[in-house]
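Chains, contacts and geometry: an overview
Here are the chains, one letter per residue:
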Amino acid sequence: MVHRTPWAHSSVPSDRIKPHSRPSTPAKNKGKANDTSAPVQHAPKSAAVRALESTIADLTSSSGRERDAQGGCFCQARTHELARHTPLCAHCGLVLCALNPPHLACPHCATPLLSPSAHTALLESLGSELAAVLAREETDAQRKGEEAREAAGAFPQLLPGDARGGGPKLASPTAPKANQAHRVLSLNAKTKRVTVASYTPPRPPAPTTSSNSGAGGEDSMTADDPPPVRVPPPACAVLHARDRPNATRPWADVRGDGFVRTLTYVREPRIDREEVKEGRKTRKAKKARDRAEGNAAAAAAAAAAD
């Protein structure tokens, strides 16, 4: 049975073509701006921020009684810098360097370096310092972005008009930066061509920050730095005399460590007597000559006075 359709008796050939039914597909997102599932890329954290976050995480997760797996360092701040947060053990008095973190126990007496109140105060101080560092870095990033836009020749910003119906106003021009890029437009008289060249003065060197500005210790080290040399603890053995002292030899080596035996007597260097005599004669002759010249000058002054 043939179905009757509006195009069955049409004289136009294109009207006799049956329409194809297309499956309905959901509309795709044309723009990626509305896609909220895309991950947001953040700027990499600086070394100071990473060091502060690592110190805060260690203080939060540790109890303070854990021992250092590497044994700590006993240089007493002679080889490394003094520890910033815990420079001294309150129990045994050991001077601590930057390789002894505050969240671990003292490497000598195994006592926590921070009391509960000091632990809480240090966490609050580090949190405030981290917030200040993040705010400062964000301000610096915005300032560098504005400088980059100004160097690229961005259009001046329009300010809204006043309440009396005035039109938009141009923002007041800012003073040129010391390291702002400049564009030079030059015209070649022979070739009749225009050349645009950009010139950027060198930036001043950035001020170097000390290692104590962050958390200090191994957290502020980079991957290219060699591992720090740790000073081991002193020996527990006590040196004592193995033999009884001899009355006839009061300066004998009674400890038996060979220290006295390694000493070598060095004679005084030989002095040539003839050179000594010549030196004495020269000094005497110089004194006599100076004395004669002084007497002659005194006599001449007395004669002139008479």
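Just above, that's the structure.
Cut-offs used in this document
Residues numbered from 1 in each chain as written. Predicted model: local features only at pLDDT ≥ 70, side-chain atom pairs only at ≥ 80, totals over all residues. Heavy atoms only, no water. Helix = DSSP H or I, 4+ residues; strand = E, 2+ residues; numbered from the N terminus. Expected span 1.5 Å × (residues − 1). Buried < 20%, exposed > 50% of the residue type's maximum accessible area, 1.4 Å probe, protein only. Arc of directions from axis to C-beta. Contact = heavy atoms within 4.5 Å. Core = buried A, V, L, I, M, F, W, Y, C linked by side-chain atoms within 4.5 Å. Axes fitted to C-alpha atoms, helices over the stretch in contact; angles between N-to-C directions. Parallel < 35°, antiparallel > 145°, perpendicular 65-115°, else oblique. Left-handed = near helix turned anticlockwise from the far one by under 90°. Nonpolar A, V, L, I, M, F, W, Y, C, P; charged D, E, K, R; others polar.

One turn of an α-helix holds 3.6 residues; hence residues three or four places apart share an orientation. In a regular helix each residue adds 1.5 Å, so 15 residues correspond to 21 Å; helix α1 (residues 47–61) covers 21 Å between its end C-alpha atoms and thus fits that length. Those residues of α1 not exposed but buried are V49, A51, L52, T55, I56 and L59. In an axial view of α1, the angular spread of the buried residues amounts to 165°, which keeps them on one side of the axis. Contacts from the buried residues of α1 go to α2 (116–151).

Looking at where T200 falls in the secondary structure, it is placed in the loop between β4 (194–199) and α3 (273–305). On the basis of relative accessibility, which here comes to 48%, the residue T200 falls in the partly exposed class. Put simply, T200 and A151 are 49 residues apart on the chain and 9.1 Å apart in space, counted from C-alpha to C-alpha.

Core analysis: the largest hydrophobic core is formed by 9 residues, namely V49, L52, I56, L59, L114, L122, L126, L130 and V133. If you list the elements that add at least two residues to this core, you get α1 and α2. Residues in contact with V49, not counting those within four places in the same chain, are L130, V133, L134 and E137. Counting residues in hydrophobic clusters, the runner-up holds 7 residues, among them F74, A83, C89 and L94.

Interhelical geometry of α1 versus α2 gives an angle of 155° and a closest axis separation of 10 Å. Of the possible angle classes, the one that applies to α1 and α2 is roughly antiparallel. Between α1 and α2 the crossing geometry is left-handed. Contacts between α1 and α2 pair A48, V49, L52, E53, T55, I56, L59 and T60 from the former with H119, L122, L123, L126, G127, E129, L130, V133, L134 and E137 from the latter. When grouped by side-chain class, the residues that make up the contact of α1 with α2 number 11 nonpolar, 4 polar and 3 charged.

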